[in-house]
Each structure stands twice: as structure tokens, then as C-alpha cells.
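For reference, the chains in residue letters:
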Amino acid sequence: MYQDEKLVCEDCGAEFVFTVGEQEFYAEKGLVNKPKRCPECRKKRRQNNRRQRRMYDAVCSKCGAQTQVPFRPIPGKEVYCKECFSQVTAAPEVNI
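Scoring rules and cut-offs
Residues numbered from 1 in each chain as written. Predicted model: local features only at pLDDT ≥ 70, side-chain atom pairs only at ≥ 80, totals over all residues. Heavy atoms only, no water. Core = buried A, V, L, I, M, F, W, Y, C linked by side-chain atoms within 4.5 Å. Buried < 20%, exposed > 50% of the residue type's maximum accessible area, 1.4 Å probe, protein only. Contact = heavy atoms within 4.5 Å. Patch = residues over 30% accessible without salt bridge, like charges linked within 9 Å, V, L, I, M, F, W, Y side chains within 5 Å. Areas by Shrake-Rupley, 256 points an atom, 1.4 Å probe, with all protein chains shown as cover. Salt bridge = Lys/Arg side-chain N within 4 Å of Asp/Glu carboxyl O. Lys, Arg positive; Asp, Glu negative; His and termini not counted. Charge placed at Lys NZ, Arg CZ, Asp CG, Glu CD. Helix = DSSP H or I, 4+ residues; strand = E, 2+ residues; numbered from the N terminus.

A. The arrangement of the nonpolar core in detail. By size, the foremost hydrophobic cluster in this structure holds 7 residues: Leu7, Cys9, Phe16, Phe18, Tyr26, Cys38 and Cys41. If we ignore the near neighbours within four places in the chain, the residues touching Tyr26 are Phe18, Leu31, Asn33, Pro35 and Arg42.

B. Here's a closer look at a positive patch on the surface. Together, Lys43, Arg46, Arg50 and Arg53 make up a positively charged patch on the protein surface. Its location among the elements puts Arg50 in helix H2 (residues 39–51). For Arg50, a relative accessible area of 57% puts it in the exposed group.

C. Seen up close, the side chain of Gln23. In this structure, Gln23 sits in helix H1 (residues 20–28). Gln23 gets classed as buried once you look at its relative accessible area, which sits at 9%. Residues contacting Gln23, with those up to four places away along its chain left out, are Tyr2, Gln3, Asp4, Glu5 and Phe18.

D. A look at the pattern of salt bridges. If you walk through the whole model with that rule in mind, you get 4 salt bridges. For Asp11, the salt bridge goes to Arg37, with nearest N and O atoms at 2.9 Å. With Asp11 in the loop between strand S1 (5–8) and strand S2 (15–18) and Arg37 in the loop between H1 and H2, the pair connects residues that are 26 residues apart, well separated along the chain. Exposure remark for Arg37: the relative accessible area of 17% places this residue in the buried category. Among the charged side chains, a salt-bridge network with shared partners connects Glu10, Asp11 and Arg37.

Right under this line is the structure:
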């Protein structure tokens, strides 16, 4: 049903192959448009979007360390640094 297809990147103009596997993945996810960018430009764009994320200063509720989080901390709600967050999410919940 699917065949490898050559496309041209709208950012860099390079030719790239939209493989059968990628087409199946797109179909599985319900994506109807073909990619407009080559894999390298898609990767650069994702990285660039991540860099633009606003970070907020906060103090970890568990260890008291200064940290930054990608959301505005709400007074009265707990905020964790990366290390404490991984510990809290890894701990099994105890239901009494």
C-alpha cells in the first residue's frame, strides 16, 4: 500500500525520503499531512522550541534547593527539583 516517497524540505531544500515505516506511523497516529521538513530540520526545530520555554525560579519543597521549573509555581503547592521529583514519582503510594 505504501511506498517510499521523496520529498523536499521546505527549510533547507534538501531531498529526503518519507519511508514506508514513517507513513505507517503517521497513519496510525491519524496524521494526514506529509512532513514538510527533513529529519535534521525537524530535530533542529524541536530543539529550538525547547530552548524558548520559559523557566521559573523556585525552591524545592523537599530539599530546599534552588531550582527552575517550566511552570509558574503556585504558592502553597509543592515544587520539586529534578532529583526530588524523580524520588517522589518513583515512590509507591500507600493507601490506608
